[in-house]
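Residues per chain, in single letters:
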Amino acid sequence: MTSPGIVVEGVRRAFGDIQAVRNVSLVAHAGRVTGLVGPNGSGKTTLLLMLASLLAPDAGSIRIDGVDPISDPHAARALIGWMPDALGAWDALTSRETLVVTGRLYGMPKAEASARATALLEEVGLTALADSPAKVLSRGQKQRLGLARALVHEPRVLLLDEPASGLDPQARIDLRVLLRRFAAEGRTVLVSSHILSELEEVVDDAVFLVAGEAVDAGRVEAAARRARPWRVRLDGVEASDARPQVAAALRLSPESITVDRRDVVVEISSDEDAVAALRELVAAGLAVAEFAAAQGSLERTFLDLGRGVPPQEAAAEPAPPAPPTVGGEQTNDEGATA
Ligand SMILES: Nc1ncnc2c1ncn2[C@@H]1O[C@H](COP(=O)(O)OP(=O)(O)OP(=O)(O)O)[C@@H](O)[C@H]1O
């Protein structure tokens, strides 16, 4: 079954003088996981609250599977599973009671709400704590309960604000699996997180918010095209000794290569250049034990946008900035600089 997902056009929201969200437009497609990425205070939570029908925008339009959460919050809430960044009230209820009450609020008969609670407690690994009051739960356990609560009514659209914070590694893996399964079932997932390595593993699309505005796609692409660091480690060779060897193989000046613990770090512009660089390292007879991007593309893009990628870079076509490249003719005797 296909559905339109989330469509946001020209949404704004201020708190007094603070323009928390300014003119945001975005689409989160059904059947895909969309990441909402941005620095602290960029407006992610404010935007998610508006999508969840819990905060009215000052302007603009929002459609959740075609439903306007402002004019028809009841219908929107039936579609939406909302996981806030911190589990709210109900400390006196047990985890099971929290889920049963939630199911009842969504109109489920008691037996169905009870069976659903049992299944969800199992799914998020809280069965052993099902009958303890929610206030004794650790932060990560509260996050799990918050996730279960968002899933009670089998929502078509999942909105999650920092769902991975506080979760241990296994729970993060389980969360990723769950989000992928959700998307595979044709549902819509919009998830904010600061843990970009985590998001990288799960998202199909990303929307970047900076100072309350969605960054336009051209600027995101320009940032994503910039050179990023790759780690190289040679088997049995100290990084300080590996540095000149890698530099020679890649025809770079050693100064353009940094040392980070056991690895040397080289700036590489594109996947094609990475392929060429690896070939050259191997052709030079170096024992390459590790060759990997040191940053995911989301993280790199986030950092570049934070530094302010000039909009004109995005406008120029094609717009490769002039990062140092390896494996190509652009390297020179003066060496490339980061
Ligand atoms: N209820 C409020 N009253 C006044 N200002 C608010 C309110 N809620 C948010 N803001 C302000 O709006 C801006 C956006 O906040 P928001 O919480 O949406 O950011 P965020 O991207 O979710 O941040 P973080 O990554 O730190 O969670 C901030 O400047 C914040 O101080």
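By the naming in an unreviewed UniProt entry, the protein chain is ABC transporter ATP-binding protein, taken from Microbacterium gallinarum. On record in UniProt, under Sequence similarities (unreviewed entry), the comment for the protein chain is "Belongs to the ABC transporter superfamily."

**A closer look at the overall build of the protein chain**
The secondary structure content of the protein chain amounts to 12 helices and 13 strands. A buried classification covers 49% of the 338 residues belonging to the protein chain. Here the analysis covers contacts within the protein chain between residues at least 6 apart in sequence; of these, 71% occur between residues at least 24 apart. For the protein chain, the accessible area works out to roughly 15900 Å², and carbon and sulfur atoms hold 51% of it.

**Some remarks on the sheet that holds strand β4 (residues 59–64)**
Strands belonging to one sheet form pairs held by backbone hydrogen bonds; the direction of such a pair is parallel or antiparallel. Strand order across the open sheet formed by 3 strands is β2-β1-β4, with antiparallel pairing between neighbours. With one partner strand each, in any of the chains shown, β2 (18–28) and β4 form the two edges of the open sheet. On average, adjacent strands in this sheet sit at an angle of 25° to one another, irrespective of strand direction. As paired elements, strand β1 (residues 6–15) and β2 share 7 bridges and run antiparallel to each other. Looking across to β2, one finds that R13 is bridged to V21. Together, β1, β2 and β4 form the strand contacts of helix α1 (residues 44–51), whose direction differs from that of β1 by roughly 120°.

**Comments concerning the packing of aromatic side chains**
Overall, the coordinates contain 1 aromatic pair when judged by the stated rule. When the centroid spacing of 5.2 Å and the interplanar angle of 35° are considered together, the rings of W230 and F291 count as tilted. Here F291 lies in strand β13 (residues 288–293) and W230 lies in strand β10 (residues 228–234), a separation of 61 residues in the sequence. This pair shows no difference in class: W230 is buried, exactly as F291 is.

**A word on the site of the ligand**
Inspection of the region around the ligand gives F15, I18, A20, P39, N40, G41, S42, G43, K44, T45, T46 and H194 as its neighbouring residues. Separating an oxygen atom of the ligand from a backbone N or O atom of G41 is a distance of 2.8 Å. H194 has a polar side-chain atom sitting 2.9 Å from an oxygen atom of the ligand. In the complex, 61% of the free accessible area of the ligand, which totals 630 Å², lies under the protein chains. Counting residues per element, the ones that place at least two in the shell around the ligand are β2 and α1.

**Regarding the sheet that holds strand β7 (residues 188–192)**
The strand order across the open sheet built from 6 strands is β5-β6-β7-β3-β8-β9, with neighbouring strands paired in mixed fashion. Either end of the sheet is taken by a strand with one partner, and the two such strands are β5 (80–83) and β9 (213–214). The strands touched by α1 within the sheet are β3 (33–37), β5, β6 (157–161), β7 and β8 (205–210), with β6 carrying the most contacts at an inclination of about 150°. Running at roughly 170° to β5, helix α5 (residues 139–151) makes contact with β5 and β6 of the sheet.

**Re the packing of α5 against helix α6 (residues 169–184)**
Packed helix pairs are specified by the crossing angle of their axes together with the interaxial distance, meaning the distance between the axes. Where α5 contacts α6, the two axes come as close as 12 Å, and the packing angle between them is 15°. Taken together, the axes of α5 and α6 lie roughly parallel to each other. Every pair of crossing elements has a handedness; the one defined by α5 and α6 is left-handed. Packed against α5, whose contacting residues are R144, L147 and L151, the element α6 presents A171, L175, L178 and F182 at the interface. Looking at the contact of α5 with α6, its residues break down into 6 nonpolar, no polar and 1 charged.

**Quick notes on empty space enclosed by the protein**
Counting across every chain of the model gives 2 cavities of 30 Å³ or more. Surrounding the largest cavity, P163, A164, L175, R176, L179, V191, S193, E198, L199 and V202 form its lining. Where the lining of the largest cavity is concerned, the elements lending two or more residues are α6 and α7 (196–202). Here the residues of the lining of the largest cavity are counted per class, giving 7 nonpolar, 1 polar and 2 charged.

**Brief notes about the nonpolar core**
One broad trend across soluble globular proteins is that nonpolar side chains are buried collectively. V33, L99, L147, L158, L160, L179 and L199 are the most contacted members of the largest nonpolar core, which totals 44 residues. Contact partners of L158, with chain neighbours within four places excluded, come to G81, A150, L151, L179, F182, T188, V189 and L190. One finds L36, V67, I80 and L190 within the second-largest nonpolar core, a separate group that totals 26 residues.

Thresholds applied
Residues numbered from 1 in each chain as written. Predicted model: local features only at pLDDT ≥ 70, side-chain atom pairs only at ≥ 80, totals over all residues. Heavy atoms only, no water. UniProt positions renumbered as here; feature names shortened; annotations may be inferred. Helix = DSSP H or I, 4+ residues; strand = E, 2+ residues; numbered from the N terminus. Buried < 20%, exposed > 50% of the residue type's maximum accessible area, 1.4 Å probe, protein only. Contact = heavy atoms within 4.5 Å. Areas by Shrake-Rupley, 256 points an atom, 1.4 Å probe, with all protein chains shown as cover. Pairing = 2+ DSSP bridges. Axes fitted to C-alpha atoms, helices over the stretch in contact; angles between N-to-C directions. Phe/Tyr/Trp six-rings, centres within 6.5 Å; stacked < 30°, edge-to-face > 60°. Near = heavy atom within 4 Å. Polar contact = N/O pair within 3.5 Å; in protein donor to acceptor, adjacent residues only side chain to side chain. Parallel < 35°, antiparallel > 145°, perpendicular 65-115°, else oblique. Left-handed = near helix turned anticlockwise from the far one by under 90°. Nonpolar A, V, L, I, M, F, W, Y, C, P; charged D, E, K, R; others polar. 1 Å grid on protein atoms, 1.4 Å probe; cavity = no way out; pocket = protein on both sides within 12 Å on 5 of 7 lines; lining within 4 Å. Points joined across faces, edges and corners; volume = space filled by probe spheres on them. Core = buried A, V, L, I, M, F, W, Y, C linked by side-chain atoms within 4.5 Å.

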